[in-house]
Amino acid sequence: MNKLECILGNFKMKNPVTVASGTFGSGKEFKDFYDLALLGGIMVKGTTPEKKVGNKPQRLVETSGGIINSIGLANGGVDDFIKNILPEARNYGTEIIVNISGSSIDDYGYMAERLSIEGVSALEVNISCPNVKEGGITFGTDPQMAYEVAKMVKKNTSKPIIMKLSPNVSNIAIMAQAVESGGADIISMINTLIGMAIDIEKQKPVINNIIGGYSGPPIKPVALRMVYEVYKAVNIPIIGMGGIMNTNDALEFIMAGASAISVGTGNFVDPYIPINIIKGLEAFLDKKGLTSYTQIIGIAHK
Amino acid sequence: MNKLECILGNFKMKNPVTVASGTFGSGKEFKDFYDLALLGGIMVKGTTPEKKVGNKPQRLVETSGGIINSIGLANGGVDDFIKNILPEARNYGTEIIVNISGSSIDDYGYMAERLSIEGVSALEVNISCPNVKEGGITFGTDPQMAYEVAKMVKKNTSKPIIMKLSPNVSNIAIMAQAVESGGADIISMINTLIGMAIDIEKQKPVINNIIGGYSGPPIKPVALRMVYEVYKAVNIPIIGMGGIMNTNDALEFIMAGASAISVGTGNFVDPYIPINIIKGLEAFLDKKGLTSYTQIIGIAHK
Amino acid sequence: MIYKNYGIILSNEPIIEKFIYLMKIKEKDIANLAKPGQFLEIKTGSIPLLRKPISIFEVDKAAGTISILYQIKGQGTKNLAELKINQKIDLIGPLGHGFTVEKFSKRCLLIGGGIGIAPLYDLGLKLKEAGNEIEIILGFSSRETSYAIDYFSKIGNVKIATIDGSLGVKGTVEAVLKDYDFNTFNKGYACGPEPMLKYIKTLEDNLDLELSLEAYMGCGLGACLSCVCKMADGEYKRVCKEGPVFQAKEVIFDE
Amino acid sequence: MIYKNYGIILSNEPIIEKFIYLMKIKEKDIANLAKPGQFLEIKTGSIPLLRKPISIFEVDKAAGTISILYQIKGQGTKNLAELKINQKIDLIGPLGHGFTVEKFSKRCLLIGGGIGIAPLYDLGLKLKEAGNEIEIILGFSSRETSYAIDYFSKIGNVKIATIDGSLGVKGTVEAVLKDYDFNTFNKGYACGPEPMLKYIKTLEDNLDLELSLEAYMGCGLGACLSCVCKMADGEYKRVCKEGPVFQAKEVIFDE
Ligand SMILES: Cc1cc2nc3c(=O)[nH]c(=O)nc-3n(C[C@H](O)[C@H](O)[C@H](O)COP(=O)(O)OP(=O)(O)OC[C@H]3O[C@@H](n4cnc5c(N)ncnc54)[C@H](O)[C@@H]3O)c2cc1C
Ligand SMILES: Cc1cc2nc3c(=O)[nH]c(=O)nc-3n(C[C@H](O)[C@H](O)[C@H](O)COP(=O)(O)OP(=O)(O)OC[C@H]3O[C@@H](n4cnc5c(N)ncnc54)[C@H](O)[C@@H]3O)c2cc1C
Ligand SMILES: Cc1cc2nc3c(=O)[nH]c(=O)nc-3n(C[C@H](O)[C@H](O)[C@H](O)COP(=O)(O)O)c2cc1C
Ligand SMILES: Cc1cc2nc3c(=O)[nH]c(=O)nc-3n(C[C@H](O)[C@H](O)[C@H](O)COP(=O)(O)O)c2cc1C
Ligand code: FES
Ligand code: FES
């Protein structure tokens, strides 16, 4: 039996270790290091209906033990993805989870429909982007909007839907319940915290876009707390992420209630982190005499 | 002229460097290290209407480069503060800012009235605590409740009122505007992020209270971003805090828009950090040929 | 008076490689004030962020030196082990409320488990100086993981317990203490793992006992209220300030 | 092929104390594939979190070694300077798209400013091997802060500019280049601070130019899209993947 077999409702992976959107390209960039088929799944970089050139640099900076990025969802658009990226990615032997973003509810519906094709294993819906029609409020900070995005995506695809929550909210459990009732099959969390760094010599923000997404080891305590809260609030499985760098971090997320995990910033530090975690989880289960990692999902709630 | 003279509306300090509530006791514990009169002000530890024994240990843990605490507002109550702590503290030669908490709007009114006495320089109103009457929602995550707390405190005192914002919200600018219209003279920010750590051997949360407040260097990017946003949203001065460990950190907060700063967790790491920052700010102003630190408040917005 | 001073490392040697180390530090001010049972808060490196509480193992006031005996646990104590002779070390101390030292009418009993033996050596020296006769019980897990027994032999009669029985009595210090005759003692001091202290507390009717406790510390200065332990009267006290040494009768362990 | 391998440090010496260092590393796989203008992503310690992009200064394929020339800037490069002989070093490489090396009909001009000279030395060696005659212009701030000139002297004629005039021509490399006769060259390569590259780009009508750019890098692998620079056609390209070397005509600096 495969101790790491991972069943997330209607979505299966060979193990619960994935790589986070925006930190792994489409996988190609990491092919030299190991066989991508070892991974549970790849969340490919954020895709939008049209091509986006992205933000003016400087787009990224290391700060306070983590990083801040503001890439601006640079990507070739969904058509380019389908034509030029998916054909290669679908042969990696791992689940291809396409991360989608939009600037209106309709955008999400359109994306869901376009991506309801072979080779796409699941859709991860990034709602940490502004709703341009509704005055720029982030979809992911308003339960009603998040609910509507989930519903719209659900209506337009039969693929498993992973709704990705933003941590920049007062009440994460309410957000989780909103996307659950909108039809989410799975929740992934957390996206980046919003942060900033100032260059005191230049006396201005380091990142050209002023603010950016804060990720890496420093956000782990916030991510864990939110996974813990959401685990209590919903009945759908959680893919946990935020600062995961090693097996112990992954175990914390699983014990908090995550049924799978994702490595983001960690891929920049050491591309082998996901592989080390897969091995590390197996070793942990062996040491504890457990037959499946599912035995420790949410165990910290007991 | 005193280059560091700090005028926050109706509240003056000899310099903009304070120490954060809950990290400095009432000052007594740090008296051996330096003359407390060197500080701009001391935010004394959180005080409540009645004595609180605090939470069951383990109350604190280091994690991810910061710390998580859940002290549970242990304190002797406001009467004890007035009788046993204030008489000594008021002679330190620095501003004594009393940090108050309550579990109802009325609590805050009561505290404000009781503390409208000589020796108290200002009140810092901690709204990161649950409103017991309203189903336990944190005052600081609901603009209406925060507004009402500010109004109630204002009604009951003529001391300068510092409203302390919680960062665990979707929109910090709205919270800031709410307390401004409630009558806040000053905003202090940020209180701790809510975080968690799990002991993977014991398979349970490290902190007995499960979740706790995350502070120290990792929260700086979030704090800076929020100070930057609030600076644009309100017309009252800001006391910035969150992970400040040295002069450069303090400068980042000032450039983001803080008119004063506060050192919290840093006091545990090196009690001299506030003093080093006072000296460091002076050196920076000299190097840049500036006559007052106020010339760089909010300069990153230019 | 509490100092934040840089000491100079005079020696830093493993007693048992990768496990137990002894470090001697030149720091006059702290040495001058240190009392048995007090501790230091040491900045071990840039990470961990927090200082680490470590007991004072030995003091030489004349030479202006202090020693610490420490066990490698995680990053902080690993950092300590890597420090080299002549390097500076950032210390805050002396901290906390230590053991009572006076001349007692009967003998004194020192009970230490594992690294909990650290604060007892300086105590033993000072009790001996005060004219007391001392008996010492030390518990370890095995002969190979036992240490510093030679130090304690200098101050009194030492009895050893090891879990695996490879040295002394088989079992914990409890194995030595049960059926003990406490009549010739009127003072006991203990430091060690919580289960051991819990057991020792059950002896409080036979012996006037002082226990040195551990708790997770934020500041070590009494400011953060993180290090509290429950007292018999339902109050919490700060291990870093009112402790680490408490009367056994004061504390309760049922949390 | 990109490797993530541990190299072994063979030497790590200051050329100018606390400023410029040269490190030689044994790492066969990377040495074997490395081309001029390519770089490494080096994990310098536990903090900083991110790897640091550092150019390959010299390669000895036969010996399986690579060298880097680096300037101390912040924590990452400080960490590098503290590494000792025989220690392991965590490398990813070779990365990026390097310089064109072939036999040109006329001479080649190499222009380096400050630590930007690092990728030009290996380039010069390879251009020379290919049968080219090389002229080199190096810019520093002063005589005391100039370095590695002896290396470049081995591959061609070296001209120096220093801001304070203490060595060579006074000024930046611009002082050497203005009124230059580009007729005897048909290829130029440059690496250095952005103002220098901006100026060099103005020479693009006189000379076929390749520029090696810098940008803040997250991954160095082409995955994060943080390191982009603007192209003449309005698109962004990745400095870590399509670069760091670009045709001068491709890039624009007006951002
Ligand atoms: C008053 C007192 C005196 C002590 N004296 C000694 C001594 O003389 N020799 C010795 O080897 N050890 C002593 N300890 C224990 C020592 O403080 C811990 O072993 C040390 O902090 C471990 O840190 P680490 O980074 O190596 O390990 P970590 O992996 O960080 O922690 C291992 C364990 O050490 C404890 N610990 C960690 N951080 C703290 C903290 N900030 N405060 C309290 N406990 C912590 C926790 O139980 C933790 O689970 C003493 C502790 C206290 C409270
Ligand atoms: C393709 C490329 C090749 C390089 N080759 C060399 C070389 O051969 N020798 C050399 O000394 N330097 C080289 N650099 C510059 C070197 O990467 C920086 O000096 C180094 O990252 C500084 O890190 P730090 O921690 O010491 O300083 P920090 O204080 O962190 O940074 C100082 C400055 O270095 C730059 N920098 C920091 N982090 C990064 C990063 N992750 N990516 C890109 N730039 C960063 C930024 O401009 C920053 O302001 C190269 C840079 C690039 C992009
Ligand atoms: C450079 C970068 C780009 C990212 N791009 C996306 C994206 O396109 N879509 C998305 O949903 N999340 C994106 N994220 C967020 C990550 O997928 C992840 O949620 C976050 O970084 C937290 O995990 P970590 O701390 O392990 O990095 C990005 C993160 C980084 C660092
Ligand atoms: C141990 C501890 C206790 C705290 N107690 C209080 C408190 O009683 N009232 C309050 O408003 N904030 C309290 N805080 C929050 C701090 O005042 C400060 O807002 C926060 O820690 C962020 O700053 P820092 O990162 O510099 O620590 C406490 C923080 C810590 C670490
Ligand atoms: S450790 Fe802070 S009060 Fe004891
Ligand atoms: S550094 Fe990540 S794409 Fe270039």
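Residues numbered from 1 in each chain as written. Chains lettered and ligands numbered in written order. Predicted model: local features only at pLDDT ≥ 70, side-chain atom pairs only at ≥ 80, totals over all residues. Heavy atoms only, no water.

## Looking at the overall build of chain C
Here is the rule we go by: The helix and strand labels rest on DSSP assignments: H or I over at least four residues marks a helix, E over at least two residues marks a strand, and numbering proceeds from the N terminus. Within these notes, the globule rule equals 2.2 Å times the number of residues to the 0.38 power, and the radius of gyration is based on C-alpha atoms. Throughout, exposure labels follow a simple rule: accessible area from a 1.4 Å probe, protein chains only, divided by the maximum for the residue type, with under 20% read as buried, over 50% as exposed, and the rest as partly exposed. Any pair of residues with heavy atoms lying within 4.5 Å of one another is described as a contacting pair. In short, Shrake-Rupley with a 1.4 Å probe defines the accessible areas, and a residue's cover is counted only from the protein chains shown. Under the convention used here, Asp and Glu are negative, Lys and Arg are positive, and both His and the chain ends fall outside the count. Working definition for charges: the position is that of NZ of Lys, CZ of Arg, CG of Asp or CD of Glu.
Of the regular secondary structure elements, chain C holds 6 helices and 16 strands. Taking 255 residues into account, the globule formula puts the C-alpha radius of gyration at 18 Å, and chain C, at 17 Å, falls close to it. Summarising its shape, the C-alpha atoms of chain C cover approximately 50 × 40 × 35 Å along the three principal directions. The burial tally for chain C puts 57% of its 255 residues in the buried class. When contacts within chain C are restricted to residue pairs at least 6 apart in sequence, those whose partners lie at least 24 apart make up 62%. Of the roughly 10,500 Å² that chain C leaves accessible, carbon and sulfur atoms contribute 50%. The average position of the 32 basic charges and that of the 32 acidic charges among the side chains of chain C differ by 4 Å.

## Focus on the site of ligand 1
Residue and element names in this part refer to chain C. As a reminder, the rule being used: Whether a residue is near a molecule or strand depends on its heavy atoms: it is near if one of them lies within 4 Å of it. Within 3.5 Å is the distance limit for a polar contact, defined as a pair of N or O atoms, with the added protein rule that one can donate a hydrogen and the other accept it, and that residues adjacent in sequence qualify only through two side-chain atoms.
In the vicinity of ligand 1, 19 residues are found, and the nearest of them are K52, P53, Q71, G76 and T77. K52 has a polar side-chain atom sitting 2.8 Å from a nitrogen atom of ligand 1. T77 places a polar side-chain atom, nitrogen or oxygen, 2.5 Å from an oxygen atom of ligand 1. Here ligand 1 loses 80% of its free accessible area of 860 Å² to cover by the protein chains. Taken together, the elements giving at least two residues each to the shell around ligand 1 come down to strand 4 (52–55), strand 6 (65–71) and helix 2 (75–82).

## Brief notes about the site of ligand 2
Residues and elements named next belong to chain D. Taken together, 20 residues lie around ligand 2, and K52, P53, Q71, G76 and T77 are the ones closest in. Between ligand 2 and the protein, one listed contact pairs an oxygen atom with a backbone N or O atom of G74 at 2.8 Å. Protein chains bury 80% of the 860 Å² of accessible surface belonging to ligand 2 in isolation. Among the secondary structure elements, those contributing two or more residues to the shell around ligand 2 are strand 4 (52–55), strand 6 (65–71) and helix 2 (75–82).

## Comments concerning the domain arrangement of chain C
Residue and element names in this part refer to chain C. Our working definition: All the domain ranges listed were derived from an automatic or database domain assignment. Accessible surface is computed with a 1.4 Å probe, and the buried area is the amount of it that two parts give up when combined, taken over both parts together. The salt bridge definition used is simple: a Lys or Arg side-chain nitrogen within 4 Å of an Asp or Glu carboxyl oxygen.
Looking at the assigned domains, one finds that chain C contains domain 1 (3–95) and domain 2 (107–209). Domain 1 and domain 2 are separated by 23 Å when their C-alpha centres are compared. Between domain 1 and domain 2, the contact holds 16 residues from the first and 15 residues from the second. Buried surface at the junction of domain 1 and domain 2, summed over both partners, amounts to about 1,300 Å²; 72% is from carbon and sulfur atoms. Considering only the surface of domain 1 that becomes buried against domain 2, P36, F57 and L69 emerge as the three largest contributors, covering 39% of it. One can count 0 salt bridges joining domain 1 with domain 2. Where domain 1 meets domain 2, there are 1 residue pair in polar contact (both at pLDDT 80 or more).

## Description of the sheet that holds strand 10 (residues 157–162) of chain D
Residues and elements named next belong to chain D. The line we're drawing: Only strands that DSSP links by at least two bridges are regarded as paired with each other.
If you walk across this open sheet you meet the 7 strands as 11-10-9-8-12-13-16, and the pairing is mixed. Of all strands in the sheet, those bounded by a partner on one side alone are strand 11 (169–170) and strand 16 (245–247). Where strand 10 and strand 11 come together, 2 bridges link them in parallel fashion. Residue pairing in the sheet places A161 in a bridge with V169 of strand 11.

## Digging into the nonpolar core
Rules: Note on terminology: a nonpolar core comprises buried Ala, Val, Leu, Ile, Met, Phe, Trp, Tyr and Cys residues joined through side-chain atoms within 4.5 Å.
Judged by nonpolar contacts, the single largest core of 300 residues is most densely connected at L177 of chain C together with L177 of chain D. Setting aside anything within four residues of it in sequence, one finds L177 of chain D in contact with L109, I111, I137, F182, Y199, I200 and L203 of chain D.

## Observations concerning the relation of the copies chain A and chain B
The test is simple: Least-squares superposition of the copies uses the C-alpha atoms of those residues scoring a pLDDT of at least 70 in each of them.
Note on the copies: chain A fits chain B at an RMSD of 0.0 Å, the axial shift is 0.0 Å, and the rotation between them is 180 degrees. Taken together, the rotation and translation relating the two chain copies correspond to the operation of a two-fold axis.

## Observations concerning the pattern of salt bridges
One pass over the structure, following the stated rule, counts 45 salt bridges over all chains. Notably, a salt bridge pairs E201 of chain A with K288 of chain B, separated by 2.9 Å at the nearest N-O pair. Pair noted here: E201 of chain A is in the loop between strand 12 (198–199) and strand 13 (204–205) and K288 of chain B is in helix 8 (residues 273–288), and the two residues belong to different chains. With a shortest N-O distance of 3.0 Å, K201 of chain D and E204 of chain D are connected by a salt bridge. Judged by its relative accessible area of 14%, K201 of chain D falls in the buried class. Among the charged side chains, a network of salt bridges with common partners joins E29 of chain A together with R238 and E242 of chain D.

## Structural notes on the sheet that holds strand 11 (residues 193–195) of chain A
This is how it is decided: All axes are obtained by fitting lines to C-alpha atoms, using only the stretch in contact for helices, and the reported angles, taken between N-to-C directions, cover 0 to 180 degrees.
One open sheet accounts for 4 strands, arranged 5-6-14-11 (chain A); its pairing is antiparallel. For this open sheet the edge positions go to strand 5 (60–63) and strand 11 of chain A, each flanked by a neighbour on one side alone. Across the sheet, the mean angle from the axis of one strand to that of its neighbour is 35 degrees, orientation sign disregarded. Alignment of strand 6 (residues 66–69) of chain A against strand 14 (residues 212–215) of chain A, held across 3 bridges, turns out to be antiparallel. The partner of I68 of chain A across the bridge, within strand 14 of chain A, is Y214 of chain A. Relative to strand 11 of chain A, helix 5 (residues 220–233) of chain B is tilted by about 65 degrees, and along the sheet it contacts strand 5, strand 6, strand 11 and strand 14 of chain A.

## A few points about the environment of G234 of chain D
Residue and element names in this part refer to chain D. Its location among the elements puts G234 in the loop between strand 14 (228–230) and strand 15 (236–238). By relative accessible area, which is 31% here, G234 ends up partly exposed. As for G234 and A175, which are separated by 59 residues in sequence, their C-alpha atoms are 31 Å apart.

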